[in-house]
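Listed here are the chains, written in short residue letters.
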Amino acid sequence: LVSLQRSSGRGNSTPADNYLLARRRTLQVVVSSLLTEAGFESSEKAAVETLTEMLQSYLTEIGRSAKSFCEHTARTQPTLPDVVVTLIEMGFNVDTLPAYAKRSQRMVITAPPVTNHPVAPKALSAGQNRPHPAHIPGHLPEFPDPHTYIKTPTCREPVGDYQVLREKAASQRRDVERALTRFMAKTGETQSLFKDDTSIFPLIAARPLSIPYLNALLPSELELQQVEETDSSEQDDQTDTENLSMHLHAVLYLR
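Residues numbered from 1 in each chain as written. Predicted model: local features only at pLDDT ≥ 70, side-chain atom pairs only at ≥ 80, totals over all residues. Heavy atoms only, no water.

In the annotation of an unreviewed UniProt entry, the chain is listed under the name Transcription initiation factor TFIID subunit 8 and assigned to Aquarana catesbeiana. You can read under Sequence similarities (unreviewed entry) in the UniProt record for the chain the words "Belongs to the TAF8 family." The UniProt entry for the chain carries this comment under Subunit (unreviewed entry): "Component of the TFIID basal transcription factor complex, composed of TATA-box-binding protein TBP, and a number of TBP-associated factors (TAFs)." (UniProt positions renumbered as here; feature names shortened; annotations may be inferred.)

Laid out in structure tokens, this is it:
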């Protein structure tokens, strides 16, 4: 209770704290009314707090036991028989309830005014909320907002125009060549057209070869690929020939 009063005094209390504080105050009013009916003219604050705590614990135990009896019979909402059985289990004489309810000196406590909580506007609204189908019980949570599961595809259709594809391919090729040229200019030796400022229009420095005719003697990548394909095909033919000969020997041996 002290923590709730402190939090409410600071102005940063949550709805749960406000509910607990309101319930506690209602129980204090009930305890004060019972003390007045019993003939007390005044009481200390500590005594009222102790009786309020006892009443709250008693009501909490009634609710917990009634819920246990309700769940034991495979139900979700407690009924009056569940409360009656709970009171009997707790040692309360249920037969005295009608006479106590009709007592002449009882005090009637008016119900607190009901205030409507302000409805917070939803940040997103898409479509209407789906109701529960017939096979889903009504006490289950509602469906979430439609914006949580509705999707809107935003992909565009691929462009099939020949001219646009050719221009896009040329632009990509130009960007790749430009990026490679800049990379080689930054990582290797460069030459400049201007003697004053070497950072303007850098050119990749040409490296002279020690043996100029070496490139003419070495095979190209295309020739190496053709040689590898030829070797692999000859190896496959040789393997097929060996397998065929082994098969013929096995047939002759079985005969």
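**Q** Sorry if this is basic, but what is going on with helix α4 (residues 80-89) here?
**A** Within an α-helix, residues lying three or four positions from one another point in the same direction, as the helix has 3.6 residues per turn. For α4, the set of buried residues is D82, T86 and L87. In a view along the axis of α4, the buried residues occupy a sector of 135°, so they form one face of it. Among the exposed residues of α4, those oriented more than 90 degrees off its buried face are L80, P81 and I88. As for α4, its buried residues are in contact with α3 (45-72) and α5 (97-101). (Buried < 20%, exposed > 50% of the residue type's maximum accessible area, 1.4 Å probe, protein only. Helix = DSSP H or I, 4+ residues; strand = E, 2+ residues; numbered from the N terminus. Arc of directions from axis to C-beta. Contact = heavy atoms within 4.5 Å.)

**Q** What is the right way to look at the packing of helix α2 (residues 15-37) against α3 in this model?
**A** When two helices pack together, their arrangement is given by the angle between the helix axes and by the axis-to-axis distance. Interhelical geometry of α2 versus α3 gives an angle of 110° and a closest axis separation of 9 Å. Relative to α3, α2 is oriented roughly perpendicular. Both α2 and α3 take part in a crossing whose hand is right-handed. The segment α2 lies against α3, with R23, R24, L27, Q28, V30, V31, S32 and L35 engaging V48, E49, L51, T52, E53, L55, Q56 and L59. (Axes fitted to C-alpha atoms, helices over the stretch in contact; angles between N-to-C directions. Parallel < 35°, antiparallel > 145°, perpendicular 65-115°, else oblique. Left-handed = near helix turned anticlockwise from the far one by under 90°.)

**Q** Whenever I open this one, a nonpolar patch on the surface confuses me. Can you help?
**A** Residues I211, Y213, L214, L217 and L218 make up a contiguous nonpolar surface patch of about 510 Å² in total accessible area. Along the chain, the position of L218 falls in the loop between α7 (214-217) and α8 (221-254). (Patch = residues over 30% accessible without salt bridge, like charges linked within 9 Å, V, L, I, M, F, W, Y side chains within 5 Å. Areas by Shrake-Rupley, 256 points an atom, 1.4 Å probe, with all protein chains shown as cover. Salt bridge = Lys/Arg side-chain N within 4 Å of Asp/Glu carboxyl O.)

**Q** Whenever I open this one, the packing of α3 against α4 confuses me. Can you help?
**A** Two elements in contact, α3 and α4, have axes whose closest approach is 8 Å; the angle formed by their N-to-C orientations is 120°. In this view, α3 runs oblique relative to α4, as classed from their interaxial angle. Every pair of crossing elements has a handedness; the one defined by α3 and α4 is right-handed. Residues Y58, E61, I62, S65, A66, F69 and C70 of α3 lie in contact with α4, whose contacting residues are D82, V83, V85, T86, L87 and E89. Taken together, the residues that form the contact of α3 with α4 break down as eight nonpolar, two polar and three charged. (Nonpolar A, V, L, I, M, F, W, Y, C, P; charged D, E, K, R; others polar.)

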